[in-house]
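# Survey of secondary and tertiary structure
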Amino acid sequence: GELQVAIKKLREAQELDPTAQGLEQALASAEASLSARQEAERRRREVTKTAATIAGHIAADEPDEAANALFLARNLYGNEPEFADLDQAIDSLRERLRREEAERLRGEARTAMEAQDFAAAIPILERSHGLEQTTETHDLLAAAREGLRLQEEARRRRAAIDAASLEIDRLVLAGRLQ
């Protein structure tokens, strides 16, 4: 741009009159300004590229990678405006993924409950409840616990009936009961 044109003219002037006063200092100042501008432009491109990379992690549902990259970027570049909304985007992503995982777990637990596998459903629902406390999860957990309680009660009754039947069979065989 203009600075490069000025540097070129200052060099030409210096070639024409190497003893001219102030040319060397003006040239050094112009070159320093050009170098600072180029460094600022390079830094801006890097910051923009880094912010885009972080946004890519967010779009790919990679909150940990995004958060780590943002942490490193802030350590390297400071608090740039391009980074301002990324914290909220990462938090929103984590929240969405947490809700989705809780729903996935509820679905897995529903499947286990439909198969009458309440013992398997309970820890799944507890994990879901830890991620997202909803009325649905609470109700499913209560139903799974009740289902397990009823199954255990039925098992105990069957065991008691089986034990009584064995005792009766033993007594019949021993001739004490007819």
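Details of the structure are given in the entry above.
Throughout, residues of each chain are indexed from 1 in the direction in which the sequence is written. The model is predicted, so local features are restricted to residues of pLDDT at least 70 and side-chain atom pairs to those at 80 or more, both for listing and for counting; the totals for chains, interfaces and linings are taken over all residues. Only hydrogens and water are set aside when side-chain values are computed; all heavy atoms of the structure are taken into account.

Next up on the list: the packing of helix 2 (residues 23–59) against helix 3 (residues 63–77). Interaxial angle, 0 to 180 degrees, is taken between N-to-C directions of lines fitted to C-alpha atoms, where a helix line uses only the stretch in contact. Runs of H or I in DSSP of at least four residues are treated as helices and runs of E of at least two as strands, each being numbered from the N terminus. Closest axis-to-axis distance for the helix 2/helix 3 pair is 8 Å, and the angle between their directions is 165°. As far as their axial angle goes, helix 3 and helix 2 are roughly antiparallel. In the crossing of helix 2 with helix 3, the sense of the turn from one axis to the other is left-handed. Between helix 2 and helix 3, the residues in contact are Arg43, Glu46, Val47, Thr50, Ile54, His57 and Ile58 and Glu65, Ala66, Ala69, Leu70, Ala73, Leu76 and Tyr77, respectively. Polarity classes work like this: nonpolar for Ala, Val, Leu, Ile, Met, Phe, Trp, Tyr, Cys and Pro, charged for Asp, Glu, Lys and Arg, and polar for all others, with Gly in that last group. The residue inventory of the contact of helix 2 with helix 3, partitioned by class, reads nine nonpolar, two polar and three charged. Working definition: roughly parallel below 35 degrees, roughly antiparallel above 145 degrees, roughly perpendicular at 65 to 115 degrees, and oblique for all remaining angles. Definitions for this section: a left-handed crossing has its near helix turned counterclockwise from the far helix by less than a right angle. A right-handed crossing has that turn clockwise. Note on contacts: a residue pair qualifies if any of its non-hydrogen atoms lie within 4.5 Å across the two residues.

Describing two packed helices takes the angle between their axes plus the distance from one axis to the other. Where helix 5 (residues 118–131) meets helix 6 (residues 135–174), the axes come as close as 9 Å, and the angle between the chain directions of the two elements is 155°. Between helix 5 and helix 6, the angle is such that the two are roughly antiparallel. Crossing geometry of helix 5 relative to helix 6 is assigned as left-handed. Along its contact with helix 5, which presents Phe118, Ala119, Ala121, Ile122, Leu125, Glu126, Ser128 and His129, the element helix 6 presents Thr137, Leu140, Leu141, Ala143, Ala144, Arg145, Gly147, Leu148 and Gln151. A per-class count over the contact of helix 5 with helix 6 returns ten nonpolar, five polar and two charged.

Before going further, it helps to spend a moment on helix 4 (residues 86–114). Expected span of a helix, by definition, is 1.5 Å for each gap between consecutive residues, and there is one gap fewer than residues. When the terminal C-alpha atoms of helix 4 are compared, their 42 Å separation across 29 residues agrees well with the 42 Å that a helix rising 1.5 Å per residue should span. When helix 4 is considered as a whole, its buried residues turn out to be Leu86, Ile90, Leu93, Ala102, Leu105, Arg106, Ala109, Ala112 and Met113. Where helix 4 is buried, its residues touch helix 2, helix 3, helix 5 and helix 6. After helix 4 finishes, the residue Gln116 shows a positive phi value of roughly 65°. Only protein chains enter the accessibility calculation, which uses a 1.4 Å probe; a residue is then buried when its area is under 20% of its type maximum, exposed when over 50%, and partly exposed in between.

Looking now at the pattern of salt bridges. Pairing between side chains of opposite charge can happen when the charged atoms of each approach one another. The term salt bridge refers to a side-chain nitrogen of Lys or Arg lying within 4 Å of a carboxyl oxygen of Asp or Glu. Tallied over the full model, the rule gives 23 salt bridges. Measuring nitrogen to oxygen at the nearest pair gives 3.4 Å for the salt bridge that ties Arg99 to Glu95. Placement of the pair is Arg99 and Glu95 together in helix 4, with a separation of four residues, close to one helical turn. Of the residues examined, Arg99 reaches a relative accessible area of 37% and is grouped as partly exposed.

This part covers the side chain of Arg106. Within the secondary structure layout, Arg106 lies in helix 4. Apart from the residues within four sequence positions on either side, Arg106 is in contact with Leu125, Ser128, Glu132, Thr134, Glu136, Thr137 and Leu140.

Attention now goes to the environment of Arg11. Secondary-structure assignment places Arg11 in helix 1 (residues 2–16). Considering only alpha carbons, one finds Arg11 and Ala26, 15 residues apart in sequence, at a separation of 10.0 Å. When sequence neighbours within four positions are dropped, the list of residues in contact with Arg11 reads Leu27 and Glu31.

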